Amino acid sequence: MSIELEKNYNYAEAEKKWYEYWTNEKMFAGSSDSKKPPYSIVIPPPNVTGELHLGHAMDHTLQDVLIRGKKMMGFETVWVPGTDHAGIATQKKVEDKVRKEGETRYTLGREKFIEKIWEWKNLYGNQIIEQCKRLGNSCDWDRLRFTMDEGCCKAVREAFYRLYKKGIIYKGRRLINWCPRCRTALSDLEVNHKDMDSKLYYLRYMVKGEEGFITIATTRPETILADAAICVHPEDDRYKSFIGKEVIIPLTDRAIPVIADEVVERDFGTGALKITPAHDPTDYEAGKRHNLPSYIVIDENGKMNSEAGKYCGMDRFECRTRIAEDLENAGLLEKTEDYKNSVGVCYRCDTVIEPYLSWQWFAHMDDLAKRALDAEKEGKVRFTQERYANTFRTWLENIKDWCISRQLWWGHRIPVWTCGECGHMDAFKEDPECCPKCGSKNFNQEEDVLDTWFSSGLWPLSTLGWPNETKDLDFFYPTKVLITARDIIFLWVARMIMFGLEFKNEVPFSDVHVHATLLGKDGRRMSKSLGTGVDPLLLIDKYGADALRFSLVHLTGQGQDIKFPADFKNGKLERAERVEKFRNYANKVWNAARFCLGYIPEDIKPELPDTSKLSAADRWIISGINRICRDIKNAYDTYSYDVIANSLYDFFWDDFCDRYIETVKSVLSSENGGTSNEAQVLLHVFNKFLRLLHPVMPFITEELWHLFPGCEGSIMNASFPEYEDALSFPEDEKTMESVFETVKAIRSLRADVSIAPKKKVKVYVIPGTDEIGDLIKKEEQTIKNLASAEEIVIASDRSGIPSKSIACMASVSQVFLPALEIENLDKQIEGMEKEAAKAVKAIEAANKKLSNEAFLAHADEGIIAKEKEKLAEAEAKAAKLVEQIKVLRGN
RNA sequence: GGGCGCAUAGCUCAGAUGGUUAGAGCACUACGUUGACAUCGUAGGGGUCAAUGGUUCGAAUCCGUUUGCGCCCACCA
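Here's what I pulled together on the structure shown here.

Here we look at the overall build of chain A
Okay, step 1: When its secondary structure is counted, chain A shows 27 helices and 31 strands.
Okay, step 2: Radius of gyration (C-alpha) of chain A: 37 Å, far over the 29 Å computed for a compact globule of 891 residues.
Okay, step 3: For chain A, the spread of C-alpha atoms along the three principal axes comes to 115 × 65 × 55 Å.
Okay, step 4: The proportion of buried residues among the 891 residues of chain A is 56%.
Okay, step 5: Considering only intrachain contacts with a sequence separation of at least 6, the fraction spanning at least 24 residues in chain A is 78%.
Okay, step 6: Just so you have it, chain A exposes about 39,300 Å², and 47% of that area is on carbon and sulfur atoms.
Okay, step 7: For chain A, the separation between the mean place of its 123 positive charges and that of its 141 negative charges on side chains is 2 Å.

Examining unusual backbone geometry
Okay, step 1: Cis geometry is found at the peptide bond from W466 to P467, where omega equals 15°.
Okay, step 2: Within the secondary structure, P467 is located in the loop between helix 12 (459-462) and helix 13 (471-476).
Okay, step 3: Looking along the chain, the bond that leaves Y477 and enters P478 is cis, with omega of -5°.
Okay, step 4: Following the sequence through the fold, P478 ends up in the loop between helix 13 and strand 22 (479-484).
Okay, step 5: With phi around 50°, A86 is a residue other than glycine that occupies positive phi space.
Okay, step 6: Within the secondary structure layout, A86 lies in the loop between strand 3 (82-83) and helix 3 (87-100).
Okay, step 7: Accessibility expressed as a relative area gives 4% for A86, which makes it buried.
Okay, step 8: Look at N505: it is not a glycine, yet its phi comes out positive at around 60°.
Okay, step 9: Take N505: it is sitting in the loop between helix 14 (489-504) and strand 23 (509-514).

Quick notes on the protein's contact with RNA strand B
Okay, step 1: Near RNA strand B you find 51 residues, and of these E265, F268, Y339, W653 and N852 are the closest.
Okay, step 2: The share of sugar and phosphate among atoms of RNA strand B within 4 Å of the protein is 63%.
Okay, step 3: One nitrogen or oxygen atom from the side chain of N8 is found 3.3 Å from a base oxygen belonging to RNA strand B.
Okay, step 4: Contacts to RNA strand B include R575, whose side-chain N or O atom sits 3.3 Å from a sugar or linking oxygen.

Quick look at the sheet that holds strand 22
Okay, step 1: Here we have three strands laid out as an open sheet, ordered 15-23-22, and parallel in their pairing. In this open sheet, the two edge strands, each paired with only one partner strand, are strand 15 (382-383) and strand 22.
Okay, step 2: As judged from the five bridges shared by strand 22 and strand 23, these two strands associate in the parallel manner. Following the sheet pairing, V481 is matched in strand 23 by D511.

Examining the environment of C419
Okay, step 1: Relative to the helices and strands, C419 resides in strand 18 (residues 416-419).
Okay, step 2: Owing to a relative accessible area of 5%, C419 belongs among the buried residues under this scheme.
Okay, step 3: Spatially, the C-alpha atoms of C419 and K441 are 8.1 Å apart, while their sequence positions differ by 22 residues.

Remarks on helix 16 (residues 545-556)
Structurally, the α-helix is built with 3.6 residues per turn, so residues lying three or four positions apart point the same way.
Okay, step 1: Across its 12 residues, helix 16 extends 17 Å between first and last C-alpha, which sits within 8% of the 16 Å expected from 1.5 Å per residue.
Okay, step 2: Within helix 16, 12 of the 12 residues are buried, which leaves the element mostly enclosed by the surrounding structure.
Okay, step 3: Inspection of helix 16 places A545, D546, A547, L548, R549, F550, S551, L552, V553, H554, L555 and T556 among the buried residues, and these make up the whole buried set.

Digging into the environment of D474
Okay, step 1: As for its placement among the helices and strands, D474 is situated in helix 13.
Okay, step 2: Classification of D474 as exposed rests on a relative accessible area of 65%.
Okay, step 3: In this structure the C-alpha to C-alpha distance between D474 and D426, which are 48 residues apart in sequence, comes to 31 Å.

Observations regarding a negative patch on the surface
Okay, step 1: A surface patch of negative charge is lined by E731, D770, E771 and D774.
Okay, step 2: The dominant element in the negative patch, judged by the number of residues it contributes, is helix 23 (residues 770-778), at three residues.
Okay, step 3: Locating E731 in the fold gives a position in helix 22 (residues 730-752).
Okay, step 4: Judged by relative accessible area, E731 falls into the exposed class, the value being 55%.

Looking at the packing of aromatic side chains
Here the distance between the centres and the angle between the planes together describe a pair of aromatic rings.
Okay, step 1: Here the structure, examined in full by the defined rule, presents 50 aromatic pairs.
Okay, step 2: Pairing W417 with F428 gives two aromatic rings, centres 5.7 Å apart and planes at 85°, and the pair type is edge-to-face. Residue W417 is located in strand 18, and its partner F428 is located in the loop between strand 19 (425-427) and strand 20 (443-445); the two are separated by 11 residues in the primary sequence. For the pair formed by W417 and F428, the shared burial category is buried.

Some thoughts on the sheet that holds strand 14 (residues 354-363)
Okay, step 1: Judged by pairing direction, the sheet is antiparallel, and its four strands sit side by side in the order 6-5-14-16 without closing on themselves. Two strands lie at the open edges of the sheet, namely strand 6 (184-186) and strand 16 (402-403), each paired on one side alone.
Okay, step 2: As judged from the 10 bridges shared by strand 5 (residues 169-179) and strand 14, these two strands associate in the antiparallel manner. Each bridged residue has a counterpart across the sheet, and for I169 the counterpart in strand 14 is A363.
Okay, step 3: Contacting strand 5 and strand 14, helix 7 (residues 281-289) crosses the sheet at an angle of about 140° to strand 5.

A closer look at the side chain of K688
Okay, step 1: Along the polypeptide, K688 turns up in helix 20 (residues 676-693).
Okay, step 2: Owing to a relative accessible area of 6%, K688 belongs among the buried residues under this scheme.
Okay, step 3: Once you skip the residues sitting within four places of it in the chain, K688 turns out to touch I625, N626, C629, P721, E722, E724 and L727.

Topic: the nonpolar core
Okay, step 1: Judged by nonpolar contacts, the single largest core of 153 residues is most densely connected at F564, Y585, F656, F686 and F708.
Okay, step 2: Sequence-distant contacts of F656, defined by excluding residues within four places in its chain, comprise C596, I621, F651, I661, L682, V685 and F686.
Okay, step 3: Of all hydrophobic cores here, the second largest spans 73 residues; its members include V78, W402, L473 and F499.

Focus on the environment of I829
Okay, step 1: Summarising the element assignment, I829 is placed in helix 25 (residues 825-850).
Okay, step 2: With relative accessibility at 6%, the residue I829 sits in the buried group.
Okay, step 3: Between the alpha carbons of I829 and Q884 there is a distance of 8.9 Å; along the sequence they are 55 residues apart.
Okay, step 4: The contact partners of I829, leaving out residues within four places of it in the chain, are I885, L888 and R889.

A short note on the pairing of strand 2 (residues 76-80)
Working note: regular strand, side chains alternate between the two faces of the sheet.
Okay, step 1: With respect to burial, strand 2 is a largely interior element, five of its five residues being buried.
Okay, step 2: Because side chains alternate across strand 2, one face comprises the buried residues E76, V78 and V80, and the other comprises T77 and W79, equally buried.

Looking at the packing of helix 6 (residues 150-165) against helix 14
Okay, step 1: Relative orientation of the contacting elements helix 6 and helix 14 amounts to 75°, with a least axis distance of 12 Å. Between helix 6 and helix 14, the crossing angle belongs to the class labelled roughly perpendicular. Contacts from A159, R162 and L163 in helix 6 reach F499, E502 and F503 in helix 14.

Considerations on the pattern of salt bridges
Okay, step 1: Under the defined criterion, the tally for this structure stands at 70 salt bridges.
Okay, step 2: When the shortest N-O distance is used, the salt bridge between E378 and K380 registers 2.8 Å.
Okay, step 3: The salt bridge involving R630 is made with D631; its shortest N-O contact spans 3.5 Å.
Okay, step 4: Judged by relative accessible area, which is 27%, D631 ranks as partly exposed.
Okay, step 5: Connected through shared salt-bridge partners, R220, E222, R316, R320 and E354 make up one network.

Conventions adopted
Residues numbered from 1 in each chain as written. Chains lettered and ligands numbered in written order. Predicted model: local features only at pLDDT ≥ 70, side-chain atom pairs only at ≥ 80, totals over all residues. Heavy atoms only, no water. Helix = DSSP H or I, 4+ residues; strand = E, 2+ residues; numbered from the N terminus. Rg over C-alpha atoms; globule rule 2.2 N^0.38 Å. Buried < 20%, exposed > 50% of the residue type's maximum accessible area, 1.4 Å probe, protein only. Contact = heavy atoms within 4.5 Å. Areas by Shrake-Rupley, 256 points an atom, 1.4 Å probe, with all protein chains shown as cover. Lys, Arg positive; Asp, Glu negative; His and termini not counted. Charge placed at Lys NZ, Arg CZ, Asp CG, Glu CD. Near = heavy atom within 4 Å. Polar contact = N/O pair within 3.5 Å; in protein donor to acceptor, adjacent residues only side chain to side chain. Pairing = 2+ DSSP bridges. Expected span 1.5 Å × (residues − 1). Patch = residues over 30% accessible without salt bridge, like charges linked within 9 Å, V, L, I, M, F, W, Y side chains within 5 Å. Salt bridge = Lys/Arg side-chain N within 4 Å of Asp/Glu carboxyl O. Phe/Tyr/Trp six-rings, centres within 6.5 Å; stacked < 30°, edge-to-face > 60°. Axes fitted to C-alpha atoms, helices over the stretch in contact; angles between N-to-C directions. Core = buried A, V, L, I, M, F, W, Y, C linked by side-chain atoms within 4.5 Å. Parallel < 35°, antiparallel > 145°, perpendicular 65-115°, else oblique.

Here it is, written out as structure tokens:
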């Protein structure tokens, strides 16, 4: 063939060319009119908070591999892309940005501020899409969605409306998690727990009207002004006499009762505890049990309010120290102790959460959770790793109501209106003009927006058209698999399952595959919010998208966390060895193609000639690619990405390049020039290999596909190669193993005595069996070429071989290199002695087993036979080595 | 306080259902550019599989305990 290929694969050019081609040809489109079985995935929509990092790249690559692979396997595939408005996270980002411009969300006002967020969204939303494209994602871009687009808004409205009408959504005044910086409520899942060095303050509450006091321990003395009671354990003899009496809150003259409740741990602190219902979840519950009033002393900004008297306006933490000082001065602070406790912080801005009593919207979870739980138990949705199913179940079994309202500006506004005149309140699918009850125009929508996870929970539904009964929904729902990292199993995966069951009566996906979390070199999780993310474009620019993709597929394994080794110098990427490895691999593929194309005539087809007319080497490599066709296909269904990556890597590099091509090369360059069969086999193997590789390395495979004869159209439309029984040749695989082992033995001998690679040598072989002898004779040329031997003498025993020879005991045969070639004999003998010692050790181990009656009684026959074989082999090897050493020494 | 995961070569990681001489890539050593590829080839060196008990004829692999690291859940103030 006359094509001139560059020496190195030019990935940048190929990537641009083929991605344009695919999108122009609408190759990523999935149609609900198809007769093929559906295979759909909806992308976990990345937050529009900034660019993607490598963690996303991994997530996306794993999905793209499935989509591309399954398409080739005959499915009608669609991968629905989109982004998430990410309420609180994005709002925070934009707040930070406008602060730099000297503004706040309040100075700008709601409308202006939201405009700013849309600008941000457009900027980063587009950047994200560009990153996805560079990575090679085969998303159906015509279906691109956003969690706040028209369709999603409609879905959110519908869902909210239904849940409201069903009584699942309700408004209530509760103690919720409040972020004083974001000034919004948060769900329990949006609170992170952090261990902190705190102090435990011991405070005295004087008994009213008599002598005596109770000392309590608290970490939050600033809340004493909101105390409603002092609580002790009912069985605690130390305090029994106090129960029912009143004590005075320190620094005030307000009296509160001493009550008894079993929540109190007698061992903790003094065994007495203050109850502050409005500022602590435990106390809130206790307050409810004992009908205690809730005093509020901290406002929505985390500052002390007017109820706090002289502390009014003070920050809560400042107030803490001030009150502690005041208590100290008043002689009511007994002591303070250092204390480590876990404090809730906002998952977006790290601010310490304030339990805050306020009106919020909630969703009852019991019923939704039960259905999700049942669906998992019935196998309708399956976690590919059992341990995640367990945590999923445990969470659902202990679920609490979900606080869905947020006091943010960025998000889906709660579609509930309340009448200023008659007080009528209701949810609406369409914005109402006036109060349907009294006709008043003073009919106002709730100011709050919904938890961002409410809309993402509807994602598989909304992206396919719900609430409309679309053909897409009918055909592509439920989707096949959800691929994600483990940190959003509850926040997102569980909610999607609940909503899918609630609104469509079907789980949104049958499989959930949780992949590894990528860590930076320092072991910290890669994350945008932590600033530890690495931009995939840096790696794509340096090594190519295919290389990055392969490395990510290879790394993901079965879900372990992985440190991604990438070296940076002054913010510049120096080296990422794990990606470099696959850049090299891509280059290897490229160059192997270069070689093959040189021998493949343009007019041949990838069909094989009669396999019985082929050489053992030919059948061996055909059998090899056939085997990995099966292994890789199976791996798709078990999400065994490591199998996919390893099979492709090892087969191609070790078997195809290092062995087969080297063998063929020697045949082709030998005097008779080989037969046309070699070209046919090269084409056959390469053709199949490209198709197997394509889902992982789409660009280079598409590029090469068009260069090989008989490859019509895009490789994306080619079929996935099937395993065929007729192409399995275990005998030839065995044969070739023997050949390669013999080659290796000769090479090893040569290297041991530093014979120049070019120098041809004469070697003697005593084959282990007659069969192997025949085989070596038959494959003589191959062995000669691969081992740079000029003559191979097959001997039946030691007698015909020059006595002064060094030997290598391969398992199939003994190989001898005459000592004429030997320069450093002593070193050689030393090496052989080492070998012999190893063999002796093996003999001992085998003997120990075989003389053990229990072993013989318990072990499988096959194991015993194998052990015997091992023993015989080791014994023979040792004997021969000893003999050789003697010969070398003696003469 | 519960639950989970992980500890294997200098580094990053593989090692279903227990029986291997414990593997790969990078790094390291030696040698090597006669046209596929130096982003390469050939041959090597390197590990008491965290510790400790136990089950078993046999454990890197199964069980208990310990140590170290990481994660999730949780209302001991």
